[in-house]
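Inside the fold
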Amino acid sequence: MQLTVNGERHTVSDEPQERALLWVLRDELGLIGTKYGCGIGICGSCTVHIDGEAARACITPLSSLEERQIRTIEGLAEQRENGELALHPVQQTFLDEQVPQCSWCMSGQMMHAAAFLESTPDPSEDDIIEAMQNNYCRCGCYLRIKRAVAKAAQLRRAGEDSD
Amino acid sequence: MKTVTKGSHNTDNPPKKRRWRVSRRGFLIGLGITGVGAAVGLRFGVPEARLRVARVLDDSGPPGTIDAAPSVWFDITPENQVTLHLPKVEMGQGIHTSLAQIAAEELGCDWEQLQVVQTGTASGPEDGMGTSASNSVASLFTPLREAAASMRVMLSGAAASLLGVSTSSLVVEDGVIKGAEGEDIRLTFGEVVAQTDPDSWEAPSDPPSLKPISDFKLVGQSKPRVDLQAKLMGSAEYGYDKRLAGMLYGAVARPETLEGSLVSAGPGEAPNEPGVVSVIARNDFVGVAAESRAQAQAALDKLELRWEPGKLWEQDEIEALTTAQDGAGVVIQREGNAARELGRGSGLEAEYRTPMAMHAHLEPQAALVDVKPDKVRAWVSTQAAMTVRRDIARALGRDEDDVEVTPSYLGGGFGRKLDVEAAVEAARLSQAAGRPVHVGWTREEDFKHGYLRPPTHHRLRARLEGERITALEHQQASGDVAFISLPDIAATILGADFGAWRGATFHYDGVPHRRASAQRVKLPVRTGWWRGLGLMANTFAVESFIDELAHQVNQDPLKFRLAHLGSDERGHRFGNVLRAAAERAGWGASLPDGHALGIACCTDVKTVVAQVAEVSLEGGEIRVHNVTCAVDPGLVINPDGAKAQSEGAIIMGLSSTLLESVRIQEGKIDAANLNQYPLLGMRQSPNIDITLLESGADPYGMGEPPIGPIAAAVANAVFSLTGERLRHLPLSPNKEG
């Protein structure tokens, strides 16, 4: 079957159909930025976008993904026409705020935050907490994540205003 | 001594022979040419850091730097690139950045000119201690500066020869060698390397004098982390991410119960299952290597295995074993005569208990191993590459020199990745399959088959006279921590586990009679290293009890603590952090209705920490609103990094304080995955305010000390709010019987 990841089409085996997107991305396509943490959709380390919505790749079966657009952390930054790579506002503020420690959960945190800001461009602090509550960070970077998501929202809105 | 050069050599151009010189201090310096063609470099060695297994009191700081082995710290290329080779692994603590700051400061190079490379067992400085015990900065601060300063002197000496001027007429600044009096001289490091023969460079016979702290430009700055860009793009490689062409995936059969063992093992139908390449079925190891992870896992069900479950332990039996027996154990602190003083009456007694806990690092343990006839290469998510090398060599019956272990980035370590069983499993399977094998544990394997933070029990006694404590006693019992990594003979000689009793002694030097003892509890469940070792459990007991004593005599818990500190430097530093945390937290000022404050402090690896927690009860549950923390880690290398470590330790400690507990049921660990073992999330995370107080010229530990006081600070705040003294973790108001 055909799998579209970060705008690129990949041919992957149809069988077994129930295998999780996470391992197809990591072990078959070599997209290692999406991380395994629990395998049961609890920790959020494997969060990707499917048609723009945040989804847990560890519990997403391959069979559900024909004709869907998948985006992973490797495709979060924007490749500009002049060849430059522009960090997504979430990546930029996670860098500015020096958010990650070990960073194993951070692809998932950023993918979740990026999808959240698409639907909630001007979130309150409570909105952010509500949205990010189910993405675990064992290093305990929650305060910085909260701050960086709030700043990413500002940065994103500023970017839209200037467009 | 083995010298290994990174990268491959062109056999037509063998590298020039190294020269070694030994100075009066046994300070070893190696010079040589690395690589081929233009990739001329210069390499240089200093003493390494190794764990000294010693019976040290927990306030004596990290083990010292011992032994000498020449090894590579720096490469400088003609292109003016400086590479710093670091044996310490980056697991989120920012160590690559802190060590780079120290090295760049003393070398005099430009921050942007420096890159950091993770070394393994085959290249770079040897590191027998691993990355643990909040020891990396403390143990490398001086050796790394001496190495860098020597390199600077040599560069400057070579430049002086090149220019025909005296060395004293040159200065090194921002990666450029300049005239000391503003002469028109400007040479980059790369130009010196390109235009001189490094074999002719003069190594200083003694370590040169080091920069005074007052001249530091990089140390003390919040430099951004050197590893974040790759991590934020998703391209940073961890042990779970390592790949090689032709690799297979391994899965290993494990017992369902704590004492489970194999009675018989046969391959059954597993070899005929789809994708299966190799099966090992022995009573001591059963594993499958297959083309995919899922195939390897599925084939485990087709093996013919007969298990003997062993005794089916229950939680109450574990707790009964984990009980401090009065008068037993090894004495770890003895000041005055606490027993006699306590015998005089007017005392207070209390018992505390803490449960087992998971590390729950979000990257389960993982390794990729490629066993070849001449060489075994392993890429491992490990805190201790040399331990992994030893374990793989033993398992395969190979010489350690045949095994090269390269640590990756770690997705959390917290002490769990000091032992990486997955590496040995991957090595066995790779040997059998003749192809590289990756073993990445599932979350269930990591929960059920790792080692845990040990359970502890504490008996505390004190005698009061008026408003003063005259005697304190702490009898502590714990499952093993450091002993899991030591041979039995060491455990027998030491008697008590120095890891288990970190934080168990009393730092209130104003109390004349103090006694602490530690009892080893042998348990049927594996316990071991966990962030801070015994620090959080012991501090919870000791600092809650001090709070009990303060309330017993109607004293303010802050003033009561200050009144019992010693008058020496340590007492002074404790006073500073206690007052700073209290002041920032608004101690004594009015609070919102239904809120209360609690305070606690500790010392660990010479760092002192005080924390104030502000809590309320919401629907019967503890809600922590604010944590104010003051830390004195000696000299601060990277303030933002030190704050991040404090924030992280507080959140991890708070997760233990409020939520975490592992129990044993029917011979098994009760939690299989994170749905059965919730961690603290963003909603339960308090605001955190960190104040860094510097003292002295030496950096101490930063990764663990701030995990010490949090549980006691919260429990003390709950007492202040409700009058209920909570003596068990996780804290559970109105539920303790």
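Refer to the structure printed above.
Report follows, based on the coordinates. (Residues numbered from 1 in each chain as written. Chains lettered and ligands numbered in written order. Predicted model: local features only at pLDDT ≥ 70, side-chain atom pairs only at ≥ 80, totals over all residues. Heavy atoms only, no water.)

Here the focus is the overall build of chain B. Regarding its fold elements, chain B presents 16 helices and 28 strands. Sorting the 737 residues of chain B into buried and exposed places 61% on the buried side. Long-range pairs, those at least 24 residues apart, make up 76% of the contacts in chain B between residues at least 6 apart in sequence. Of the roughly 26700 Å² that chain B leaves accessible, carbon and sulfur atoms contribute 46%. (Helix = DSSP H or I, 4+ residues; strand = E, 2+ residues; numbered from the N terminus. Buried < 20%, exposed > 50% of the residue type's maximum accessible area, 1.4 Å probe, protein only. Contact = heavy atoms within 4.5 Å. Areas by Shrake-Rupley, 256 points an atom, 1.4 Å probe, with all protein chains shown as cover.)

Bringing the side chain of B:Q101 into the picture now. Residues and elements named next belong to chain B. With respect to the helices and strands, the residue Q101 is situated in helix 1 (residues 95-107). Overall, the relative accessible area of 0% leaves Q101 in the buried class. Ignoring anything within four residues of it in the chain, the contact list for Q101 reads W111, L218, V219, G220, Q221, K223, I637 and N638.

Another aspect to go through is the packing of aromatic side chains. Counting across every chain of the model gives eight aromatic pairs over all chains. Plain terms: the ring middles of A:W23 and A:Y36 are 5.1 Å apart, the flat faces sit at 45 degrees to each other, and that makes the pair tilted. Of this pair, A:W23 sits in helix 1 (residues 21-28) while A:Y36 sits in the loop between helix 1 and strand 3 (47-50); the two residues are 13 residues apart in sequence, bridging distant segments of the chain. Here B:Y238 and B:Y409 contribute two aromatic rings whose centre-to-centre distance is 6.1 Å and whose plane-to-plane angle is 50 degrees, an arrangement assigned as tilted. Taken as a pair, B:Y238 in the loop between helix 4 (228-233) and strand 9 (248-252) and B:Y409 in the loop between strand 18 (403-407) and helix 9 (421-433) lie far apart in primary sequence, 171 residues in all. Here the basic side chain of B:R416 rests over the ring of B:Y451, its NZ or CZ set 4.3 Å away from the ring centre. Note that B:R453 overlies the ring of B:W530, its terminal NZ or CZ placed 4.6 Å from the centroid. (Phe/Tyr/Trp six-rings, centres within 6.5 Å; stacked < 30°, edge-to-face > 60°. Lys NZ or Arg CZ within 6 Å of the ring centre and 35° of its normal.)

This paragraph deals with the interface of chain B and chain A. Opposite the 59 residues of chain B that make contact, chain A presents 46 residues. For the chain B and chain A pair, buried surface summed over both sides reaches about 4300 Å², with 57% attributable to carbon and sulfur atoms. Three residues, B:L232, B:L362 and B:M682, lead the burial of chain B against chain A; their summed loss comes to 20% of the area buried on that side. Joining chain B to chain A, the criterion identifies seven salt bridges. Between B:R293 and A:D27 there is a salt bridge, with its nearest N and O atoms 2.7 Å apart. Our count for the contact surface shared by chain B and chain A stands at 30 residue pairs in polar contact (both at pLDDT 80 or more). (Buried area = accessible area lost by both parts, 1.4 Å probe. Salt bridge = Lys/Arg side-chain N within 4 Å of Asp/Glu carboxyl O. Polar contact = N/O pair within 3.5 Å; in protein donor to acceptor, adjacent residues only side chain to side chain.)

Moving on, we get to the sheet that holds strand 7 (residues 176-179) of chain B. What links the strands of a sheet is backbone hydrogen bonding, and the strands pair in either a parallel or an antiparallel sense. Residues and elements named next belong to chain B. As summarised here, the arrangement of the three strands in space is 6-7-8, forming an open sheet in which the pairing is antiparallel. The open sheet has two edge strands, strand 6 (170-173) and strand 8 (186-188), and neither has a second partner. The sheet shows a mean angle of 25 degrees between the axes of neighbouring strands, direction not considered. In the packing of helix 2 (residues 136-163) onto the sheet, the strands contacted are strand 6, strand 7 and strand 8, and the crossing angle to strand 6 comes to about 135 degrees. (Pairing = 2+ DSSP bridges. Axes fitted to C-alpha atoms, helices over the stretch in contact; angles between N-to-C directions.)

For the rest of this paragraph, the subject is unusual backbone geometry. Put simply, A:E15 and A:P16 share a cis peptide bond, and its omega is -15 degrees. Structurally, A:P16 is set in the loop between strand 2 (8-11) and helix 1. For the peptide bond that leads from B:L729 to B:P730, omega is -10 degrees, which places it in the cis range. Positionally, B:P730 belongs in the segment after helix 16 (710-722). One non-glycine residue with positive phi stands out, namely B:N80, at about 75 degrees. Note on placement: B:N80 falls in the loop between strand 3 (74-76) and strand 4 (82-86). Look at B:N80 and you get partly exposed, because its relative accessible area is 22%. The phi dihedral of B:N554 is positive, around 55 degrees, even though this residue is not glycine. Secondary-structure assignment places B:N554 in the loop between helix 12 (535-552) and helix 13 (557-564). The class of B:N554 is exposed, set by a relative accessible area of 70%.

For the rest of this paragraph, the subject is the pattern of salt bridges. Residues and elements named next belong to chain B. Applying the stated criterion across every chain yields a total of 60 salt bridges over all chains. Residue R254 is joined to E425 by a salt bridge in which the shortest nitrogen-to-oxygen separation is 2.9 Å. Pair noted here: R254 is in the loop between strand 9 and strand 10 (261-266) and E425 is in helix 9, with a separation of 171 residues, a long-range link. By relative accessible area, E425 is classed as buried at 8%. With a shortest N-O distance of 3.6 Å, R398 and D402 are connected by a salt bridge. Judged by relative accessible area, R398 falls into the buried class, the value being 18%. Classification of D402 by relative accessible area gives partly exposed; the value is 24%.

Right, let's get into helix 3 (residues 106-119) of chain A. If you check helix 3 of chain A, its first and last C-alpha atoms are 20 Å apart, about what 14 residues at 1.5 Å a residue would give, namely 20 Å. The element helix 3 of chain A is extensively covered by neighbouring structure, given that twelve of its 14 residues are classed as buried. (Expected span 1.5 Å × (residues − 1).)

Let us look at the nonpolar core. The biggest cluster of nonpolar side chains holds 155 residues, and the ones touching the most others in it are A:L3, A:F94, A:I145, B:L549 and B:V714. With nine residues, the single largest contributor to this core is helix 12 of chain B. The contacts of B:V714, once residues within four sequence positions are left out, are B:A613, B:V615, B:I622, B:V624, B:L654, B:T657 and B:L731. B:L99, B:L144, B:M154 and B:V219 belong to the second-largest nonpolar core, a separate cluster that totals 43 residues. (Core = buried A, V, L, I, M, F, W, Y, C linked by side-chain atoms within 4.5 Å.)

Moving on: the sheet that holds strand 12 (residues 285-290) of chain B. Residues and elements named next belong to chain B. Strand order in the open sheet formed by seven strands is 11-12-9-19-16-17-18, and the pairing between neighbours is mixed. In this open sheet, the two strands that pair with only one neighbour each are strand 11 (276-282) and strand 18. The average undirected angle you get between the axes of adjacent strands in this sheet is 20 degrees. Taken together, the four bridges between strand 16 (residues 366-371) and strand 19 (residues 437-440) define a ladder with antiparallel strand orientation. By the bridge assignment for strand 19, L368 is matched with H438. Lying on the sheet, helix 9 is in contact with strand 9, strand 11, strand 12, strand 16, strand 17 (376-380) and strand 19; it crosses strand 16 at an angle near 30 degrees.

Residue and element names in this part refer to chain B. Residue placement: A320 occurs in helix 6 (residues 315-321). A relative accessible area of 53% means that A320 is categorised as exposed. For the pair A320 and G190, spaced 130 residues apart in sequence, the C-alpha to C-alpha distance is 66 Å.

Another aspect to go through is the pairing of strand 4 of chain B. All names here are of chain B. Of all five residues making up strand 4, five are buried, and the element is well covered by its neighbours. Along strand 4, one buried face is formed by V82, L84 and L86 and the opposite face, lined by T83 and H85, is buried too. One ladder, built from three bridges, connects strand 3 with strand 4; its direction is antiparallel. Residue pairing for strand 4: I76 is matched across the bridge by V82. As paired elements, strand 4 and strand 5 (residues 114-118) share five bridges and run parallel to each other. When the sheet's bridge partners are listed, L86 is paired in strand 5 with Q118. Crossover strand 4 to strand 5 through helix 1 is right-handed. (Right-handed = clockwise from strand over helix to strand, strands pointing away.)

Together, B:L162, B:L163 and B:V165 make up a nonpolar patch on the protein surface, roughly 200 Å² of accessible area in all. Within the secondary structure layout, B:V165 lies in the loop between helix 2 and strand 6. (Patch = residues over 30% accessible without salt bridge, like charges linked within 9 Å, V, L, I, M, F, W, Y side chains within 5 Å.)

All names here are of chain B. Taking 1.5 Å per residue as the helical rise, helix 16 with its 13 residues ought to reach 18 Å, and the 18 Å between its terminal C-alpha atoms agrees with that figure. Within helix 16, ten of the 13 residues are buried, which leaves it mostly tucked inside the rest of the structure. Every buried residue of helix 16 is accounted for by I710, A711, A712, A713, V714, A715, N716, A717, V718 and F719. Summarising the contacts, the buried residues of helix 16 are in contact with helix 12, helix 13, strand 23 (596-604), strand 24 (607-618), strand 25 (621-632) and helix 15 (639-658). Directly after helix 16, the chain includes G723, whose backbone phi takes a positive value near 80 degrees.

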